[in-house]
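Descriptive analysis of the structure
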Amino acid sequence: MPWRDRVRRVLIAGGGPAGLYCGLLLKKANPALDITIVERNPAGATYGWGVVFSDRTLAEFREADYPTYREITDRFVVWDAIDILYGGERRRCGGHVIAGIARRALLDILQQACDARGVRLRFQTEIAGPADWEGVADLVIAADGVNSVIRRAYARVFQPSLREGKAKYIWLGTRRVLGAFTFIFRETPFGLFQVHAYPYDGATSTFIVECAEETWRRAGLDVADEATSLAFCESLFAEELGGQRLMSNNSKWINFATVKNNAWRHGNVVLLGDAAHTAHFSIGSGTKLAMEDAIALTRACEQYPDLEQALAMYQMERKPAVEAFQEAARASRTDFENMRRYTGLPPGQFACHLLTRSGRISYDDLRLRDPLFVDGLDRELAAAVGTGRAAGGAADRSGASDATGPSGQRAAGEPAPPPSRLEVAPPPAFLPFVLRGLRLENRIIRRARPVFAARDGLIGGEELARLAALATSGAGVVMTAPVAVSADGRITPGDPGMYRDDHAAAWAAVVRAVRGRSTARIAITLNHAGRRGAARPRAEGLDRPLRDGWPLLGPSPLPYAPGHPVPRAMGRTDMDRARDDFVRAARQAHDAGVDALHLHCGHGYLLGSFLSPLANRRTDEYGGRLQNRMRFPLEVLDAVRAAWADRPLTVALNATDWERRGIDVEEAAEMARVLKTHGCDAVEVLAGQTTPDSRPAYGRGFLTPYGDVIRNEARVATMVGGHLTRTGEMHILIAAGRADLCITEPVLSEDVERATDPPFSLSLLRLRSH
């Protein structure tokens, strides 16, 4: 039986924008429906100030119901700029078309439209329990907000989760009319306060004040009443308010609650708006998402003849779209909760970081929206190279300055002259970078894929050809796959090595081939496989043990996976030998003319196993707390640094094990701080593979959030990969201060090319294609 025949009565709990718009659209689709909307508050009452919509949402409103679209847009205040007030400067970026309207005006429009259509509105009516809706209507729509009574009644089915954010915020208004969506950041003796503010009519603006909970407590706001909080915020932002007062509407300091539900429907009950989901206000999405729910639910009811099928399709269509938006909102919320982390960035880079915080705006998007903003940012970053203030961050982050030294251009510490306003600065990833005195022509690292073709650690012509071919890509650095420091430190029998004199000679040939083709620097990744060693070639599967392998070493006698050999727990003699193997490899690399060493301390290999509590169960001074787990890797790092002299030395480090009780990003940031004090010049951010039980979250740029935290918490230069394939992705990482160097690997089609092939030419033009 079609739903139009089965559904006569519709009950909507909640008279906010979601419930009103849904009632209106359902009545428009089927005028025979008997629709009642119940709202606990009086008619005309609302809490909050203005709401915002993107230009994309407006098109959906127009298609859904043109009369209300016209009335709503007639009341809109529209702007296309975002202002960021930070560090005594105002930065403006255009091209962000947003429209605001008073919440009261929006409710009036929707209430009048519902009245005109014959939708029944009942105010000051409580929905207390199932008796108020079961058997009362054929379709029950729960649009009753974050603390939904209906959702709570069926919690076992909907399986809701409500997670509070860390920051405190208060929702206020002001008669100060702003000219753009405005972010304000104010340092105080108590900590950092930030404002999200925007106009929503010709006379009023929303003014949300947010801060960390510890800042809120230090300022005494945890014991302040509404009037005291209002006075505090007025005084703090008096300059920006321009003599206007702040207004309150039962405003309280609260934590933002993110609502998610495993299911959105149960029988004839369906969730809508905040009852189903919430997204942090920093991306201006709550009312937008709620009204889009109403459009999607009405469309599903029109398209599918059966009510159960219609509700199922509504959930199937809407839930993934909302969850993607919630993920962007989570990234944005996390940035604001940790904004203190980024206050060391220069204003331009800070503004770029803020604008791209949710991951939805790329470098190319920014350039399309506001070319002048991006051009100015590019010039600032180019001018700052060498000063330690911005793009490179080399002086204060890795102990190096961006001076070109005796080769002739600038003396150490001398800033580069700023580019002319008529001069086009190179985009961020193409800026030079200096790592402990070694100048890189750009910020792109091309890492070779493993070949597994070495014989007893000796690389052949295939490995040389691949590395030489990568040198023609235009990248600043060519980096090898893991190179074993000893025969028993190999992952597979085909791993390249650096533990015999003929190995060093072969690598010297590689260095000559790379330098003969380009200005790219070459970095070798030194590794000891530890308990992940003695594995079959990767063509036969990942981490499959050899039938007759060699003895393995590890911090503890724990096999990498069931059925794998049990490693010997390393004693002092084993540690000394492994340390000396790394030192010998470093010296051989030095003699071969290698430009930089990369020490692998991640992915469950030997040094990474010592760092992770999942693999290190020792009870002596090399296990337990972080300081002890770092002891042996630091012994290796110190010895390699001494042997490698004053050349660049970087470390690959797991930022997360992707497992409970494993390394997390906060612990990784602390490791990076310590590594920096021991002579590490940059940290490559890795994730997972410490055990085969890790639950990876792969995707394009999946390592970016971890690199962001480590770079800005530990104040160390970072190298970030994670399926980066476009230079636009790399530009935004550098421009926003999320990374210093970007790692990319050849695509599979490149793996079959050789340096001897005449058509082989990657070039930066090819790398630039988007």
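Because the structure is a prediction, the values reported are computed rather than measured. (Residues numbered from 1 in each chain as written. Predicted model: local features only at pLDDT ≥ 70, side-chain atom pairs only at ≥ 80, totals over all residues. Heavy atoms only, no water.)

A word on the packing of helix α17 (residues 461-471) against helix α18 (residues 501-517). Contact pair α17 / α18: the axes reach a minimum separation of 8 Å and the direction vectors enclose 25 degrees. Taken together, the axes of α17 and α18 lie roughly parallel to each other. Handedness of the crossing formed by α17 with α18: right-handed. Contacts between α17 and α18 pair L464, L467, A468 and A471 from the former with W507, A509, V510, A513, V514 and R517 from the latter. In terms of residue class, the contact of α17 with α18 is made up of 9 nonpolar, no polar and 1 charged. (Axes fitted to C-alpha atoms, helices over the stretch in contact; angles between N-to-C directions. Helix = DSSP H or I, 4+ residues; strand = E, 2+ residues; numbered from the N terminus. Parallel < 35°, antiparallel > 145°, perpendicular 65-115°, else oblique. Left-handed = near helix turned anticlockwise from the far one by under 90°. Contact = heavy atoms within 4.5 Å. Nonpolar A, V, L, I, M, F, W, Y, C, P; charged D, E, K, R; others polar.)

Burial of strand β5 (residues 82-86) is extensive: 5 of the 5 residues sit out of reach of the surface. Of the two faces of β5, the one holding I82, I84 and Y86 and the one holding D83 and L85 are both buried throughout. One ladder, built from 5 bridges, connects β5 with strand β6 (residues 89-93); its direction is antiparallel. In the sheet register, I82 faces β6, and the bridge partner there is C93. Summarising the sheet, β5 and strand β11 (residues 181-188) pair through 4 bridges and their orientation is parallel. (Buried < 20%, exposed > 50% of the residue type's maximum accessible area, 1.4 Å probe, protein only. Pairing = 2+ DSSP bridges.)

Before going further, it helps to spend a moment on the sheet that holds strand β25 (residues 596-601). Ordered in space as β20-β21-β22-β25-β26-β27-β28-β29, the 8 strands form a closed barrel in which the pairing is parallel. Mean inter-strand twist for the sheet, computed between neighbouring axes without regard to direction, equals 30 degrees. Relative to strand β26 (residues 649-656), β25 runs parallel, the two being bridged by 5 bridges. Within β26, the position partnered with C601 by the bridge is L653. In the packing of α17 onto the sheet, the strands contacted are β20 (444-447) and β21 (477-484), and the crossing angle to β21 comes to about 155 degrees. On top of the sheet, helix α25 (residues 727-735) reaches β20, β28 (718-720) and β29 (741-744); it is set at about 155 degrees to β29, its chief contact.

It is worth spelling out the nonpolar core at this point. In a soluble, globular protein the nonpolar side chains are often hidden away together inside. The biggest cluster of nonpolar side chains holds 79 residues, and the ones touching the most others in it are W507, L599 and F632. Non-local contacts of L599, meaning those with residues more than four positions away in its chain, are made with L526, F582, L607, V636, L637, T650, V651 and A652. (Core = buried A, V, L, I, M, F, W, Y, C linked by side-chain atoms within 4.5 Å.)

Turning our attention to the packing of aromatic side chains. In this structure the tally under the stated criterion is 26 aromatic pairs. Note on W79 and F181: the rings are 6.4 Å apart at their centroids and 45 degrees apart in plane angle, and the pair reads as tilted. With a gap of 102 residues between them, W79 in strand β4 (residues 77-79) and F181 in strand β11 connect regions that are remote in the sequence. Residue W79 is classed as buried on the basis of its relative accessible area, which comes to 5%. For F181, a relative accessible area of 6% puts it in the buried group. Here the aromatic cluster, defined as three or more aromatic residues joined through ring pairs, consists of W79, Y86, F181, F183, F185, Y198, F336 and F350. Over the ring of W216 we find K168, and its NZ or CZ is 4.4 Å from the ring centre. Cation over ring: R647 sits above W644, and NZ or CZ is 5.4 Å from the ring centre. (Phe/Tyr/Trp six-rings, centres within 6.5 Å; stacked < 30°, edge-to-face > 60°. Lys NZ or Arg CZ within 6 Å of the ring centre and 35° of its normal.)

This next bit is on unusual backbone geometry. Of note in the backbone geometry, Q124 takes a positive phi value of approximately 50 degrees without being a glycine. A relative accessible area of 61% means that Q124 is categorised as exposed.

Of the residues in the protein, 91% have a pLDDT of 70 or more, and the chain-wide mean is 90. In the model, residues 387-416 has pLDDT below 50 throughout and makes 72 contacts with residues more than four positions away in sequence or in other chains. Segment residues 748-770 is flagged for pLDDT under 50; beyond a separation of four residues in sequence, or across chains, it makes 43 contacts in the model. (pLDDT = per-residue confidence, 0-100.)

Next up on the list: the environment of F123. Looking at the element boundaries, F123 is found in strand β8 (residues 120-123). When the C-alpha positions of F123 and V223 are compared, they lie 34 Å apart, and in sequence the two are 100 residues distant. The residues touching F123, leaving out its near neighbours within four places in the chain, are E39, N41, P42, A43 and Q111.

With that settled, consider the domain arrangement of the protein. Put simply, an interface is often sized by how much accessible area is lost when its parts join up. Taken domain by domain, the protein holds domain 1 (2-334), domain 2 (346-410 + 421-433) and domain 3 (434-750). Inter-centroid distance (C-alpha atoms) of domain 1 to domain 3 is 47 Å. (Domains from an automatic or database assignment.)

This next bit is on the pattern of salt bridges. The tally for this structure, following the rule as stated, stands at 51 salt bridges. Across the salt bridge formed by E635 and R572, the nearest N and O atoms sit 3.1 Å from each other. Here E635 is found in helix α22 (residues 631-644), whereas its partner R572 is found in helix α19 (residues 572-592), with 63 residues between them in sequence. For E635, a relative accessible area of 24% corresponds to the partly exposed category. (Salt bridge = Lys/Arg side-chain N within 4 Å of Asp/Glu carboxyl O.)

Helix length check: helix α2 (residues 17-29) (13 residues) gives 18 Å between terminal C-alpha atoms against 18 Å at 1.5 Å per residue, within 8%. For α2, every residue scored as buried is listed here: P17, A18, G19, L20, Y21, C22, G23, L24, L25, L26, K27 and A29. (Expected span 1.5 Å × (residues − 1).)

Moving on, we get to α18. Here α18 spans 25 Å end to end across 17 residues, near enough to the 24 Å set by a 1.5 Å rise per residue. Buried residues of α18: H503, A504, A506, W507, A508, V510, V511 and V514, and no others. Looking at the packing, one finds that the buried side of α18 touches α17, β21, β22 (521-527) and α19.

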